[in-house]
Amino acid sequence: MKKLMLSQQKKLHYTLSPYNEATLIVEPGDTVIVETEDAFSGQIRVEGDRRDLQAMPYANPQTGPIRVEGACKGDTLIVDIKDVKPTIGQGATRIPLFWWYLCEPGASSLTRFLNTALPHGSRICPIKDGRVYFSEKIALPYEPFIGTIGTAPEIEAVSSFLPGPHGGNMDLPDFCIGNRLYLPVRVEGALLHIGDVHATQGDGEICGTAIEMPAETTLTIDLVKGKSIGWPRVESHEYIMTTAASGSGRTLEDAIRVAYIDLTLWLEQDYGFNRWDAYQLCTQVGRVRLGNLWTVAAKFPKKYLNE
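Values in this document were obtained by computation on a predicted structure and should not be read as measured data. (Residues numbered from 1 in each chain as written. Predicted model: local features only at pLDDT ≥ 70, side-chain atom pairs only at ≥ 80, totals over all residues. Heavy atoms only, no water.)

K.L.:
Can you walk me through the sheet that holds strand E8 (residues 122-128) in this structure?
P.N.:
Think of a sheet as strands paired side by side through backbone hydrogen bonds, with each pair either parallel or antiparallel. Here we have four strands laid out as an open sheet, ordered E7-E8-E9-E10, and antiparallel in their pairing. Edge positions in the sheet fall to strand E7 (90-94) and strand E10 (139-141), since each of these pairs with one other strand and no more. For this sheet the average axis-to-axis angle between neighbouring strands, irrespective of direction, equals 30°. (Pairing = 2+ DSSP bridges. Helix = DSSP H or I, 4+ residues; strand = E, 2+ residues; numbered from the N terminus. Axes fitted to C-alpha atoms, helices over the stretch in contact; angles between N-to-C directions.)

Encoded structure:
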């Protein structure tokens, strides 16, 4: 089993880019343990710590990229998530003052309405015995997943803060232990980036941060040659899922439509459904999971695939 520790990284990346130099090279079928820093670049470790935006203005540092031998444009990368462990026994969260839907330069419509300012307190959350301790009285389930994972876009670098067809900052809780990810390959070697692991998170990640943690993630990486997909896909024990995200000129409503169109076509192409039967079935049994406020996964129950 190969390992990619933070000590092996010359630098952490804040973009998913075809120009980032590979830190590790693997063969299809290899299993690798990847160590990642938290979304705060390790700047919040105790109560009262604040982000030093002068020293590190960016979020979501990425380990890698990992080059997959034989991967070419038009292939699909398979990533099986085997395990996710906290490396320091805790996570952290906070309320960012800059969070775009709460604030605007100089004032916030929400804070004006409430006649209060957003607090800037950090919260350290111990992780032990399958629980994430939000406070002494409130214990949340430990449900870890990878917040940011993706392959390199073909031409330009994309901020690790943003989601897109390459993957990136989707913050989808379904990127979790036991699930299989399918990622589009746009460049030679795929260049897999990974970071921003969460100990737990609700739909929407509404305050802008989950319980962010440095982590050690075990992945098995494989390849499907000659099969091209437009957006990342996910397979769990119970569902197949397609993903999409909002963006320039595209709303969250549009993202849901994109995800369901891709799901309908997947059912037609790989599972033998009549397209319009698949479309109607998605209407009746489909489910939508919200990642961050930009990203969705459209789900189809696997129990209907062989009926």
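K.L.:
Help me understand the side chain of Thr-63, please; the structure alone is not making it clear to me.
P.N.:
Here Thr-63 lies in strand E5 (residues 62-68). Classification of Thr-63 by relative accessible area gives buried; the value is 0%. A polar contact of 2.8 Å, which involves the side chain of Thr-63, links it to the backbone oxygen of Glu-35. (Buried < 20%, exposed > 50% of the residue type's maximum accessible area, 1.4 Å probe, protein only. Polar contact = N/O pair within 3.5 Å; in protein donor to acceptor, adjacent residues only side chain to side chain.)

K.L.:
What am I meant to see in the packing of aromatic side chains here?
P.N.:
The geometry of two aromatic rings is summed up by the distance between their centres and the angle between their planes. Applying the stated criterion to the full structure yields seven aromatic pairs. Note on Phe-273 and Phe-300: the rings are 6.0 Å apart at their centroids and 80° apart in plane angle, and the pair reads as edge-to-face. Taken together, the residues Phe-273 in the loop between helix H2 (252-271) and helix H3 (275-285) and Phe-300 in strand E21 (residues 295-301) connect sequence positions 27 residues apart. Here the two residues Phe-273 and Phe-300 agree in accessibility, since each one is buried. Between the aromatic rings of Trp-276 and Tyr-279, the centroid separation amounts to 6.0 Å while the plane-to-plane angle is 80°, which identifies the pairing as edge-to-face. Here Trp-276 and its partner Tyr-279 are both found in helix H3, three residues apart, which amounts to about one turn of the helix. Residue placement shows Lys-128 over the ring face of Tyr-133; its charged tip is 5.7 Å from the ring centre. When the ring centre of Tyr-239 is taken as origin, the NZ or CZ atom of Lys-299, which lies over that ring, is 5.2 Å away. (Phe/Tyr/Trp six-rings, centres within 6.5 Å; stacked < 30°, edge-to-face > 60°. Lys NZ or Arg CZ within 6 Å of the ring centre and 35° of its normal.)

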